[in-house]
Amino acid sequence: MRYDLNLLPVFVTLMEERNVTRAAERLGITQPALSNALNRLRDMLRDPLFVRERYGIQPTQMAHELAPVIAAALAKIDEAVVGQQDFDPASAERLFTIAPNSYVEFVLVPAIVARLREVAPGIRLRLTPFGNDLVETGAISGTTAMVLGRIVDPPDNMVVQHLMDEGLSCVVRAGHPDIRANISREQYERLKHVNVLPPGRLRVGLGQALEQRGLKRDVAVSVTHFLAVPEMIAVTDYCATLPNQICRHLANDNRLKVLPAPVDLGTFPVDLAWHVRYRHDPAHRWLRSLIAEVARDIGSTEGAKSKRNLEITGE
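The following paragraphs examine the structure supplied in this document. (Residues numbered from 1 in each chain as written. Predicted model: local features only at pLDDT ≥ 70, side-chain atom pairs only at ≥ 80, totals over all residues. Heavy atoms only, no water.)

### Remarks on the overall build of the chain
When helices and strands are counted, the chain shows 12 helices and 12 strands. For the chain, with 315 residues in total, the buried portion stands at 46%. (Helix = DSSP H or I, 4+ residues; strand = E, 2+ residues; numbered from the N terminus. Buried < 20%, exposed > 50% of the residue type's maximum accessible area, 1.4 Å probe, protein only.)

### Structural notes on the sheet that holds strand E5 (residues 146-149)
The sheet built from 5 strands is open, its strands ordered E4-E3-E5-E12-E6 with mixed pairing. The strands lining the two open edges of the sheet, one partner per strand, are strand E4 (123-127) and strand E6 (158-166). This sheet shows a mean twist of 25 degrees between the axes of neighbouring strands, independent of strand direction. Pairing of strand E3 (residues 94-100) with E5, which is carried by 3 bridges, proceeds in the parallel orientation. Directly across from Ile-98, in E5, lies its bridge partner Met-146. Along the sheet face, helix H6 (residues 109-119) touches E3 and E4 and points at about 160 degrees away from the line of E4. (Pairing = 2+ DSSP bridges. Axes fitted to C-alpha atoms, helices over the stretch in contact; angles between N-to-C directions. Contact = heavy atoms within 4.5 Å.)

### Observations regarding the environment of Arg-285
Position of Arg-285 among the secondary structure elements: in helix H12 (residues 282-313). Here Arg-285 is in contact with Arg-279 and His-280, once residues within four sequence places are set aside.

### Concerning the nonpolar core
Among the nonpolar cores identified, the biggest contains 61 residues, and Tyr-103, Leu-108, Leu-163 and Leu-242 are the most heavily contacted of them. Excluding residues within four positions of it along the chain, Leu-108 makes contact with Tyr-103, Leu-163, Met-164, Val-270, Val-294, Ala-295 and Ile-298. Counting 23 residues, the second largest nonpolar core, distinct from the first, contains Phe-11, Val-12, Val-20 and Leu-74. (Core = buried A, V, L, I, M, F, W, Y, C linked by side-chain atoms within 4.5 Å.)

### A short note on the sheet that holds strand E9 (residues 218-223)
Backbone hydrogen bonds are what pair the strands of a sheet, in a parallel or an antiparallel way. In spatial order, the strands read E9-E8-E10-E7-E11; together these 5 strands make up an open sheet with mixed pairing. Only two strands of the sheet have a single partner each, and these edge strands are E9 and strand E11 (256-260). Here the average twist between neighbouring strands, direction ignored, is 35 degrees. Relative to strand E10 (residues 239-243), strand E8 (residues 192-196) is paired through 2 bridges, and the arrangement is parallel. The residue of E10 that forms the bridge with His-193 is Cys-239.

### Description of helix H1 (residues 8-17)
Within H1, 9 of the 10 residues are buried, leaving the element largely enclosed by the surrounding structure. By the burial criterion, the buried members of H1 are Leu-8, Val-10, Phe-11, Val-12, Thr-13, Leu-14, Met-15, Glu-16 and Glu-17. With its phi angle positive at about 55 degrees, Arg-18 sits one or two positions after the end of H1.

### What to know about the pattern of salt bridges
All told, the structure shown has 11 salt bridges when counted by the stated rule. Glu-16 is the partner of Arg-26 in a salt bridge, and the nearest nitrogen-oxygen pair spans 2.9 Å. With Arg-26 in helix H2 (residues 20-27) and Glu-16 in helix H1, the pair connects residues that are 10 residues apart, well separated along the chain. Residue Arg-26 is classed as buried on the basis of its relative accessible area, which comes to 16%. (Salt bridge = Lys/Arg side-chain N within 4 Å of Asp/Glu carboxyl O.)

### Considering unusual backbone geometry
The backbone of Arg-18 shows a phi angle near 55 degrees, a positive value even though the residue is not glycine. Along the chain, the position of Arg-18 falls in the loop between H1 and H2. What makes Arg-18 partly exposed here is its relative accessible area of 26%. Phi at Leu-49 is positive, roughly 70 degrees, even though this residue is not glycine. Within the fold, Leu-49 resides in the loop between helix H3 (31-45) and strand E1 (50-53). Judged by its relative accessible area of 0%, Leu-49 falls in the buried class.

Listed below in structure tokens is the structure:
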């Protein structure tokens with residue numbers, strides 16, 4: 001039997017999504033085209049593969065058995081092909097789809113784009129939502145090249161690289177009637193708060209940090225992106241607890257005041273993850289290296305600034 005390898009990514013995506021509509025969207029094809037591909041898959045593999053149910057489709061026993069084998073085979077083929085290709089960033093023309101969480105989009109992506117403009121002007125980025133899990137981003141199927149943010153419980157077909165650790169500070173309006181150079185634990189618990197609810201697991205990290213330290217927070221409003229916070233804080237007596245790099249940007253706004261958190265809230269990790277099939281892709285490896293370098297530069301710059309601030313204050 002001759003196998004149509006173009007159908008195998010369709011099979012992998014259907015296994016992950018368990019929904020024809022979402023699978024078609026991720027593959028960038030119409031639902032009729034996907035249904036046609038599924039019929040060809042069934043003929044090729046001589047099995048129904050997926051059975052319709054009320055809320056989607058469920059794989060057959062044969063589909064469950066074939067899924068890890070097909071995924072591994074596709075990864076091997078990708079590695080064999082891209083491993084033979086040369087990559088020159090200065091002349092390369094390529095589009096990468098990446099899924100950064102809102103923190104990375106605000107802090108890292110502008111610096112990544114600026115670096116690409118200098119050394120690889122033909123490399124283009126398309127940003128897709130981080131989503132609530134890795135399946136939604138398209139990273140597990142490989143349709144999205146990279147995911148950047150907090151990666152929790154990645155599957156075996158994902159490679160995770162740690163980029164940096166980030167701490168937390170507080171932001172209030174500059175003319176706040178009760179808060180001066182510091183914010184006490186009692187003040188923090190008495191204030192109303194603006195909470196950021198980005199997709200994914202970042203919100204879990206802050207909530208856990210507050211709970212572990214017995215620190216309560218009265219949330220008055222929750223927003224979905226860091227960009228909404230400064231306007232909220234500037235016109236209220238509310239407080240926001242945000243990553244240090246976000247606070248560094250907001251410190252330039254004379255309407256706002258950045259303060260240390262009342263207790264050490266620890267740090268949260270920022271990671272880079274990708275499908276194993278991209279492990280040896282020369283262009284992908286180069287872009288991963290550039291992103292890691294940008295993260296190191298930002299982290300080291302922030303560390304140097306913190307050290308200077310400690311020396312100035314004599315702490």
